[in-house]
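Fold and contact review
Chain residues, written in single-letter form:
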Amino acid sequence: MDKQSKRIVLVTGATGGLGTAMCKELYTDGFHVIANYRNKQKADEWQAKINAEGFVIDMYEGDVTDYDSVGAMIAKIEAEVGPIDTLVNNAGITRDIRFSKMSKEDWDAVIATNLTSVFNCTRHVINGMMERKYGRIINISSVNGQRGQFGQANYSAAKAGMHGFTKTLAMEVAKYGVTVNTISPGYIGTDMVMAVAEKVREQIVSQIPMGRLGGTEEVAHLVSFLASEKTNFITGANYSINGGQHVY
Ligand code: CAA
C-alpha cells in the first residue's frame, strides 16, 4: 500500500513509553503514523532514534491542554498529510500525592493533560470523521480510573472521566462509522511507573496475579487491533489490560 492510501493515525504524547511502542506497532502494521509532541528537543532525539531503527514517523508539535494549539496542529496535519482516520488520546501525566495535601495546581494539571486534552483533540477531528463515515477514537485510560489508587485522586478522576466520555461519544457517532473505545492499562514498565518509589511499586506488583509489570508492546498490540478496519462493530467498550490486577 502506498503512503497516500494508508490510514493516518495521530498519537498524542507519542514520545513516552506507551506512545513510542504504539507508534512502532502502528507503523509496522501499515499505518501512516503521526506523533504529537510538546518538547522539541526530546522529540528531535526521539525521532532520530526511531528513524535509525527503521520507523518513519511524522512529528507535529501541539499542546494538548490548549484547544487552539491542538486546532492549529490538526489543521496543519490535515493540510500537509491528509485527514486523520484514527486518534489515540494517549498523552498523560501524574502528580501523585494524597488528597489532603493535593494542591489546586496538582489537580488542574492532571485534569487538563489527561482529560481536557481528550476533548480538545477529539473535538477537532470528530466532524471530519463523521463526514467521511470512518473514524477511530482510542482513549488510553488506566486501571486506576476503574478502581482508584491511593495518591491519585486527580489521575483516577481524569481516567474515570474518559469512560463516560467514551460511552457517550460512541453512541453519538456510531451511525457515522466512527468507533470510540477505551483501553485501561494496568502497571506497565514505563518511566511513569518506574517513578513510583521502589518499595511502593514492589508492593503493587505483588498484587498483580501475573507477578510482573506489563510490556509497552502488549498495550501497543491492543491499540493497533482497535485501530484496524476489522473492528467496525466494537464501540463504547473498555479493554482492560492489567495482568489480572483488577477483574470484574
Ligand atoms: N494504601 C493505604 N495507605 C497507604 C498507601 C496505600 N496504597 N500508601 C501509603 N499509605 C499510607 C502509609 O502507610 C502512611 O500511613 P501513616 O501516615 O499512617 O504511617 C501514609 O499513607 C503516608 O502518607 P504520605 O502522604 O506521607 O505518603 P507518601 O508521601 O509516603 O506517599 C504517594 C504518597 C506518593 C502517593 C505514594 O503512596 C505512592 O507513590 N503511591 C503509588 C501511587 C501510584 O500507584 N501511582 C501510579 C503511577 S503510574 C500510573 O499512574 C500509570 C497507571 O495508569 C497505572
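This report concerns the structure included in the present document.

Scoring rules and cut-offs
Residues numbered from 1 in each chain as written. Predicted model: local features only at pLDDT ≥ 70, side-chain atom pairs only at ≥ 80, totals over all residues. Heavy atoms only, no water. Buried < 20%, exposed > 50% of the residue type's maximum accessible area, 1.4 Å probe, protein only. Helix = DSSP H or I, 4+ residues; strand = E, 2+ residues; numbered from the N terminus. Pairing = 2+ DSSP bridges. Right-handed = clockwise from strand over helix to strand, strands pointing away. Polar contact = N/O pair within 3.5 Å; in protein donor to acceptor, adjacent residues only side chain to side chain. Contact = heavy atoms within 4.5 Å. Expected span 1.5 Å × (residues − 1). Phe/Tyr/Trp six-rings, centres within 6.5 Å; stacked < 30°, edge-to-face > 60°. Lys NZ or Arg CZ within 6 Å of the ring centre and 35° of its normal.

1. Looking at the pairing of strand 1 (residues 8-11)
- Residues of strand 1 alternate between two faces, with Ile8 and Leu10 on one and Val9 and Val11 on the opposite face, all of them buried.
- As defined by bridge partners, strand 1 adjoins strand 2 (residues 32-37) across four bridges and the pair is classed as parallel. Each bridged residue has a counterpart across the sheet, and for Leu10 the counterpart in strand 2 is Ile34.
- The handedness of the strand 1 to strand 2 crossover, carried by helix 1 (residues 17-28), is right-handed.

2. Examining the side chain of Asn242
- Take Asn242: it is sitting in the segment after strand 7 (238-241).
- Since its relative accessible area comes to 10%, Asn242 is described here as buried.
- Separated by 2.9 Å, the side chain of Asn242 and the backbone nitrogen of Gly244 make a polar contact.
- Here Gln245 takes part through its backbone nitrogen, which lies 3.0 Å from a polar atom of the side chain of Asn242.
- Ignoring anything within four residues of it in the chain, the contact list for Asn242 reads Val143, Gln146, Gly186 and Ile208.

3. Comments concerning the side chain of Ser156
- Within the fold, Ser156 resides in helix 6 (residues 153-173).
- For Ser156, a relative accessible area of 11% corresponds to the buried category.
- Here Ser156 is in contact with Asn144, Gly145, Gly148 and Gln149, once residues within four sequence places are set aside.

4. Quick word on helix 1
- Helix length check: helix 1 (twelve residues) gives 17 Å between terminal C-alpha atoms against 16 Å at 1.5 Å per residue, within 8%.
- Within the sequence span of helix 1, burial applies to Leu18, Gly19, Thr20, Ala21, Met22, Cys23 and Leu26.
- Just downstream of helix 1 lies Gly30, where phi reads positive at about 95°.

5. A few points about the packing of aromatic side chains
- Scanning all chains against the criterion turns up two aromatic pairs.
- Ring centres of Tyr27 and Phe55 lie 5.9 Å apart, and the angle between their planes is 75°; on these two criteria the pair is classed as edge-to-face. Of the two residues, Tyr27 is situated in helix 1 and Phe55 in the loop between helix 2 (40-52) and strand 3 (58-61); the sequence distance between them amounts to 28 residues.
- Residue class for Phe55 comes out buried when judged on its relative accessible area of 14%.
- Sitting over the ring of Tyr134, Arg7 keeps its end group 3.6 Å from the ring centre.

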